[in-house]
Every structure is written in C-alpha cells, then in structure tokens.
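Now for the letters of each chain:
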Amino acid sequence: MKIKSILSIIVFYVSVLCSANALELPTESIVPGGIAIISIHTKERPKAYFHARRVMVIGSSANWKAIVGIPLTEKIGTQILVVKINNVKTNYKFEIRNKEYETQHLIIKNKRKVNPNKQDMSRIITERKIISKAKLHWRDNENISLQFIKPVVGPYSSPFGLKRFFNKQPRKPHSGLDIAVPKGTPIAAAASGIVINIGDYFFNGNTVFIDHGQGLITMYCHMEYIGISEGSKVKAGDVIGKVGLTGRVTGAHLHWSVILNNTTVDPLLFLAKD
Ligand SMILES: [Zn+2]
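Residues numbered from 1 in each chain as written. Predicted model: local features only at pLDDT ≥ 70, side-chain atom pairs only at ≥ 80, totals over all residues. Heavy atoms only, no water.

## Some thoughts on the pairing of strand β3 (residues 53-60)
- Direction of pairing for strand β2 (residues 47-50) relative to β3: antiparallel, over a ladder of 3 bridges. What sits directly across from alanine 48, in β3, is valine 55.
- Where β2 folds back on β3, the antiparallel hairpin that results is connected by 2 residues, among which histidine 51 adopts a positive phi of roughly 50 degrees.
- Sheet analysis places β3 next to strand β4 (residues 63-69), joined by 5 bridges and oriented antiparallel. Bridge assignment links valine 57 to a residue of β4, and that residue is alanine 66.
- Remark: 2 residues form the turn of the hairpin made by β3 and β4, two consecutive strands paired antiparallel; alanine 62 in that turn has positive phi of roughly 70 degrees. (Pairing = 2+ DSSP bridges. Helix = DSSP H or I, 4+ residues; strand = E, 2+ residues; numbered from the N terminus.)

## Quick look at the sheet that holds strand β1 (residues 35-40)
- One open sheet holds the 6 strands; their spatial order is β1-β4-β3-β2-β5-β6, and the pairing between them is antiparallel. Two strands in the sheet have a free side with no partner beyond their single neighbour: β1 and β6 (88-96). Each neighbouring strand pair of the sheet contributes to a mean axis angle of 30 degrees, computed without reference to strand direction.
- Pairing of strand β5 (residues 77-85) with β6, which is carried by 9 bridges, proceeds in the antiparallel orientation. Considered in β6, the bridge of leucine 81 is made with tyrosine 92. (Axes fitted to C-alpha atoms, helices over the stretch in contact; angles between N-to-C directions.)

Printed below as a string of structure tokens:
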C-alpha cells in the first residue's frame, strides 16, 4: 500500500515536470501562410502585435513565445513583431522567406457560385461581416493545445495556399486544407474550445467556427449536418457534425481552416508529421 502511494506520487511529479517543460508548439515555417515562433525573454507577461493585430503569446516567466500567423499576401523580407510590456514597446524583427504555392484550375458547374448574381452578392456581403467577426474573436486562455488531431482522416485533395482559378477566372488562394472523405463522415473538433459561430454560408456552406483561445480559431466548411450549437464547449475529438457538399464544392470533402491573429495559416503546421 505504502509503495503504491509513493509510486503514484513519483508518477504525479514526473508528469507535472514533463508538462511544465514541454511547450506544445506548432511547426515553424516563416513563409507567407506559415507561422513564426518568436521568443521573448521578459519576466512579465508581454503583449504582442503583428500589423496591429494581437498575437498569441504562450509560456511562462522569462520563456514566452509569440505564435505569429503570417498572411498569404505578406511581403518577403524583414517584418516586425511589436512587443509591449507595461506600455513600453520593443520591435522584434524576423525574416519572411519565399514559398511558391502550386496553381490549380477548377471547373464549377454551378456558375452562380463563381459569378454570384445581385441577390447572392447582398447575401455574401452580410455573411462576410459575420465570418470576419468570428475570425477576429479573442479570448484570453492560458491552456491552449497547439497540437491538433485531424478532424477527418482521408486524402488531402487540395492543399493550403493553392493559387486557384474557377472556370479560368483567378480567385483568392486556397485558405484551408481539403480532406476528401465520403458524405456523412463524422467531423471531430481538432482541439478543445468553444463553438463561437455556426451558419449556412454562400461559399462555405454549413460551417462551424471553434475558438481555442488567443485568436486561434478553426473553421469547418461544406458540412452536410451541424451537430452542435453556438456556445457549446468541445474537447479534441468531439463530433461536431458530418461531411457534406454544401456551398461552393465539386465533391464531398471537408474544408478545414486554421486562423491565427485573423490570418489563415497552413493547418498541416498543427498536425503531427505522418
Ligand atoms: Zn477548400
């Protein structure tokens, strides 16, 4: 009995030590659409900003790390992270390298989804405001998982960052990762968080936004069915709905986006390498 309790105490302290030492970080990739991880050596908790947007800071005293989402449209070269401690500003410089993303041509049969009519446009403008608000959401949270699980398991049919042409017309680059799985496949929450928005949108179809804290948000699109309500708390792996073909799609798949400081970044950076 005694040995058992001593052993359980040892196991407890070892696990506490391990979790305290191991900061779970995403893969760093300092390119447009990637992530820069910048160490900040101050005792007090700093606040960090990139292009005037608040940036996630994790860690503890003297070992802080800013996790910076880099827009796909970002210029190559030197960029600045502004760090504020007690209203004193310090600039942290970092270098953004080039990355060439591939080009893809898609034929969309529903022409209205490529060139929306007047009525569609007013719907799109209304929805854009709701979607922008969800992407800007900030919630203080010290307990963020930066290692995600795959929401569905299947082949990647369209990578993040693809330069896309719909019916030969250039459109914005692909802002997420497409995973091709059959209609009806259950979709899991990539990490724990709070559902901040659900909706049926013109391009994205049935969509769920999960807030993981400090500007880290995941978005799940084209769902057949949403099985969760706004305000619900989810754990990693909880089923939030099913894969479908709603919105602008060419076939059943999950479009999965990861947003950091209001910027879509490559979701693969949050997954363990296969
Ligand atoms: Zn997609």
